[in-house]
Amino acid sequence: MSEASEKFTVTPMERWVGFGVLLTLAAIAFGIYRVQFRFNPAVTARQAFSEPAAAMETIALAALAPDVIQPFSPPEQFDPDTLSDKINGKAELYFSAGFRSLTTQRFALTDNPALWFELFVYDMGTARNAFSVFSMQRRGGLEAGGPTLFAYATPNGRFLAHDRFYLELVGAEASEPLMAAADAMARTFVENIGADVAEVTEMALFPEEGRVEGSRSLVSSDAFGITGFDQVFTAEYQYDGIPVTAYVARRETAEAAGTAARVVRDFYLEYGGTPLAAPENIAVIDILDTIEVVLSHEQYVIGVHEAPDRETALGLAERIRKRLQETVDDRS
Amino acid sequence: MTDLNRREFIHRSVKAGLVSAGALGAGWWLHDTRPPALEPLPQSLPGIPDFSGALVEGPAMAIAKGTDRMDMADRALEALGGIRRFVSPGHRVVIKVNAAFASPPAICATSHPDLVTAVVTACRAAGASDVVVTDNPINDPASCFRLTGIGPAAEAAGGRVVLPTADQFSRVTLSGARLIRDWPVLIGPLADADCLIGLAPLKDHHRSGASMTIKNWYGLLGGRRNVFHQDIHTIITELAALVRPTLVILDAVTAMIHNGPTGGSISDLTRTNTLVAGVDQLAVDAMGAELLGRDLSQLPHLRQSADAGLGVLDYHTLNPVAVP
């Protein structure tokens, strides 16, 4: 070996140390590169004065107004970036259910401008999403003869889900003339949208016997506080005055449904539940003196939440599974 | 490998030095000493003045029962020793209302105009030279104050509505805080005030579990404050440290028990026929939680505030005065 080549010879140890130093420098450079994009929001904060929402599909609400009312304020539009500027603390409820846009406008009675209501039209993207936010905020039972299958009335409000839309008509007072105008506007909206083609098939799986009228709901995310347990249909039942919740969630595959059922089972066991004797492939857990049952059948997770006893829980779960099996058989 | 000779050592050292100097020089040359562009705001202030000090001794909390907010407020204030315990002639009073939404008073998502009338009137009667009623609402401020009825009520009673404008915000850093750091706060109306009173409705809240007197200070924050919803209990705890009011009044005559904070229906409300006034906002909120049917596990910010020494969680120890 020549003297020149000997000068630049490095030992394996030195070579590895060199690589180590280079890797460390590269990691630091990468870290700096990443962090520079994560500003403290305070640094870039702007004042909380709403900016105009980005252009989006416009719904001309004023065109739906009956003769007895007139616009009381200009229309406003909000997208996912600006929804908090309108409803702030409740925005996350809509985000978790697939919110797309909100259009609002106030209308007042022509002959009494002190009586006004505000119409909120939430575009939730799909009928399932619209039903979810409708059911999560439901006050009381459904309205017989309402403008849609999913509608209810309160003294100062009208609330309904139709197609991909969720509507709220919130009155300044519990006034009959005002609510009559709100009803008329809601009906016109529904007629303009046309037939509701909602396919919320899981709802049909809850047996009618013992079910509380108008209690079926769709929880978009983290049902029963279980992280990731999403798109869960629930229904309330009454057994000797004791409320019990049944639930059904559909997954892409039977394997995914089985995994989801195990996640639910493990959640209750982790929080102190005690497994009880149960039929094969069904988990029965005693937790805080109430019974949880969860199982998977085909692509579905079926469960009963906070039942008073094992027999009640298993009986209700079995009725849902039977209904599901009948539905599957009908299709085949 | 051969040992380095002196020449080689100096040669390599010079090269390493040049590389280091080049890197440092490039860093210096590329370094941008200017901060990111900000909204034009006044310089940071140390924080909001502490309005809780120098109070005349007296009861810490009063609980009035009834349905007439104006009457209940009068009786609760009297039970605390009278409005003159808090407001002296010539004082400048700031009343922080909840005017968050441009919604009607009937749905109780905002401070009730009757309560605003009662408190502004009482302050004026005590000789206050100026009674400012303010908030930084979520919706358009002018619409919020008008449609909630707060603006007309305040002005009719002798108050002065101050809508938020950019020049009234200053950047504030709360010592030791994780979230309130160099954050714009509506501090202008408070800068030379003698007395700060908070008027909050009792409400359910989708994120925080409840919105009461401490959460009401959220309305002093500017900027993109909705980012704080990701850590809602920490921000409420920090607000309890940031804002030390003279007096707070929690309106639970009709509490919003569902679908908060916006509500939307009269059927979201339940009558508890209670109004709580006190000098310890944590104690007042602890009672509010009871009225709302929430336990401490659902409202971690109450425990966090207590652990931080920001008030009394067991409000019974304050011997609240019951006003029948």
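Procedures and definitions
Residues numbered from 1 in each chain as written. Chains lettered and ligands numbered in written order. Predicted model: local features only at pLDDT ≥ 70, side-chain atom pairs only at ≥ 80, totals over all residues. Heavy atoms only, no water. Helix = DSSP H or I, 4+ residues; strand = E, 2+ residues; numbered from the N terminus. Buried < 20%, exposed > 50% of the residue type's maximum accessible area, 1.4 Å probe, protein only. Lys, Arg positive; Asp, Glu negative; His and termini not counted. Salt bridge = Lys/Arg side-chain N within 4 Å of Asp/Glu carboxyl O. Contact = heavy atoms within 4.5 Å. Pairing = 2+ DSSP bridges. Phe/Tyr/Trp six-rings, centres within 6.5 Å; stacked < 30°, edge-to-face > 60°. Core = buried A, V, L, I, M, F, W, Y, C linked by side-chain atoms within 4.5 Å. Domains from an automatic or database assignment. UniProt positions renumbered as here; feature names shortened; annotations may be inferred. Axes fitted to C-alpha atoms, helices over the stretch in contact; angles between N-to-C directions. 1 Å grid on protein atoms, 1.4 Å probe; cavity = no way out; pocket = protein on both sides within 12 Å on 5 of 7 lines; lining within 4 Å. Points joined across faces, edges and corners; volume = space filled by probe spheres on them. Nonpolar A, V, L, I, M, F, W, Y, C, P; charged D, E, K, R; others polar. Parallel < 35°, antiparallel > 145°, perpendicular 65-115°, else oblique. Left-handed = near helix turned anticlockwise from the far one by under 90°. Expected span 1.5 Å × (residues − 1). Polar contact = N/O pair within 3.5 Å; in protein donor to acceptor, adjacent residues only side chain to side chain.

### What to know about the side chain of R138 of chain A
Residues and elements named next belong to chain A. Within the element layout of this structure, R138 appears in the loop between helix 5 (127-136) and strand 5 (150-154). Summary of buried charges: R138 has no salt-bridge partner, and the nearest side chain of opposite charge, E236, is 8.3 Å away. What R138 contacts, discounting residues up to four positions off in sequence, is F131, Y152, G214, S215, R216 and S217.

### Here's the deal with the pairing of strand 6 (residues 157-162) of chain A
Residues and elements named next belong to chain A. Within strand 6, six of the six residues are buried, which leaves the element mostly enclosed by the surrounding structure. Burial of the side chains of strand 6 extends over both faces: G157, F159 and A161 are buried on one face and R158, L160 and H162 on the other. In terms of strand pairing, strand 5 meets strand 6 through five bridges, oriented antiparallel. Across the sheet, residue A153 finds its bridge partner in strand 6, namely R158. The antiparallel pairing of strand 5 with strand 6 creates a hairpin that spans two residues between the two strands.

### Quick word on the packing of aromatic side chains
All names here are of chain A. Applying the stated criterion across every chain, the model contains 22 aromatic pairs over all chains. Measuring from ring centre to ring centre gives 5.6 Å for F72 and W116, while their planes differ by 25°; the resulting arrangement is stacked. Here the residue F72 occupies a position in the loop between strand 1 (69-71) and strand 2 (76-78), and W116 occupies one in strand 4 (residues 112-123), the gap between them amounting to 44 residues. A relative accessible area of 28% places F72 in the partly exposed class.

### What to know about unusual backbone geometry
Most of the time, phi is negative for any residue but glycine, and the peptide bond is trans. Here the bond from G260 of chain B into P261 of chain B is cis, since omega is 10°, no more than 30 degrees from zero. Although it is not a glycine, L288 of chain A adopts a positive phi angle of roughly 55°. For L288 of chain A, the location among the structural elements is in the loop between strand 12 (282-287) and strand 13 (290-297). Of the residues examined, L288 of chain A reaches a relative accessible area of 78% and is grouped as exposed. Within the chain, D289 of chain A stands out as a residue other than glycine whose phi angle is a positive 65°.

### Looking at the nonpolar core
Taken as a class, soluble globular proteins show a tendency for nonpolar side chains to be buried jointly. Ranked by size, the top nonpolar core spans 55 residues in total, and within it L83, Y94, Y122 and V293 of chain A carry the most contacts. At six residues, helix 8 (residues 310-331) of chain A tops the list of elements feeding residues into this core. Summarising the domain contributions, this core has at least three residues from each of domain 1 (61-193) and domain 2 (201-330) of chain A. Setting aside residues up to four positions removed in sequence, V293 of chain A forms contacts with Y247, I282, A283, V284, I302, G303, V304, A313, L314 and A317 of chain A. Listed in part, the 54 residues of the second largest apolar core include W183, L220, A240 and L250 of chain B.

### Overview of the UniProt feature "transmembrane region" (unreviewed entry) in chain A
UniProt feature "transmembrane region" (unreviewed entry): in the numbering of this structure it lies at residues 16-33 of chain A. Here residues 16-33 of chain A is 100% helix and 0% strand, with 25 Å between the C-alpha atoms at its ends.

### Some thoughts on the sheet that holds strand 13 of chain A
Sheet strands associate in pairs through backbone hydrogen bonding, adopting either a parallel or an antiparallel arrangement. Residue and element names in this part refer to chain A. With antiparallel pairing, seven strands are arranged side by side in an open sheet as 8-9-10-14-13-12-11. Here the strands that pair on one side only, and so sit at the sheet edges, are strand 8 (217-219) and strand 11 (274-276). Neighbouring strand axes in the sheet, compared pairwise and without regard to direction, differ in orientation by 25° on average. When strand 9 (residues 232-239) meets strand 10 (residues 242-250), the two strands line up antiparallel, connected through seven bridges. Its bridge partner lying in strand 10, Q238 is registered against P243. Of the strands in this sheet, strand 8, strand 9 and strand 10 are in contact with helix 5, which crosses strand 8 at around 105°. Set on the sheet, helix 7 (residues 254-270) makes contact with strand 10, strand 11, strand 12, strand 13 and strand 14 (300-307); between it and strand 13 the angle comes to about 165°.

### Quick look at the environment of G222 of chain B
Residue placement: G222 of chain B occurs in the loop between strand 8 (209-211) and helix 6 (232-242). G222 of chain B sits 92 residues away from D130 of chain B along the chain, and the two C-alpha atoms are 24 Å apart.

### Description of the UniProt feature "domain: DUF362" (unreviewed entry) in chain B
Summarizing the sequence annotation, UniProt attributes the feature "domain: DUF362" (unreviewed entry) to residues 93-289 of chain B in the numbering used throughout. As annotated, residues 93-289 of chain B comprises 24% helix and 27% strand, and the C-alpha atoms at either end are separated by 28 Å.

### A closer look at empty space enclosed by the protein
All told, the structure shown has seven cavities of 30 Å³ or more when counted by the stated rule. Each pocket or cavity is described by its volume, and for the largest cavity that value is around 200 Å³. Mapped by element, the contributors of at least two residues to the lining of the largest cavity are helix 3 (84-87), strand 4 and strand 7 (165-171) of chain A. Top element by residues in the lining of the largest cavity is strand 4 of chain A. It accounts for four residues. A class-by-class count of the residues in the lining of the largest cavity yields 10 nonpolar, six polar and five charged. Taken together, 18 residues make up the lining of the second largest cavity; nearest its centre are N88 of chain A together with N98, A100, I138 and K215 of chain B. Class assignment of the residues belonging to the lining of the second largest cavity gives a composition of six nonpolar, seven polar and five charged.

### Side note on the packing of helix 7 (residues 281-292) of chain B against helix 8 (residues 300-307) of chain B
All names here are of chain B. At a closest axis distance of 11 Å, the pairing of helix 7 and helix 8 adopts a crossing angle of 155°. Between helix 7 and helix 8, the angle falls in the class roughly antiparallel. Where helix 7 crosses over helix 8, the handedness of that crossing is left-handed. Along its contact with helix 7, which presents L282, D285, A286 and A289, the element helix 8 presents L302, S305 and A306. Looking at the contact of helix 7 with helix 8, its residues break down into five nonpolar, one polar and one charged.

### Some remarks on helix 6 (residues 176-193) of chain A
Side chains that are three or four residues apart share a direction in an α-helix, a result of its 3.6 residues per turn. Residue and element names in this part refer to chain A. The end-to-end C-alpha separation of helix 6 is 26 Å, in line with the 26 Å expected for 18 residues at 1.5 Å each. For helix 6, the secondary structure elements touched by its buried residues are strand 1, strand 3 (101-109), strand 4, strand 6 and strand 7. Put simply, S175 is the residue that caps the front of helix 6, since its side-chain oxygen is 3.2 Å from the backbone nitrogen of L178.

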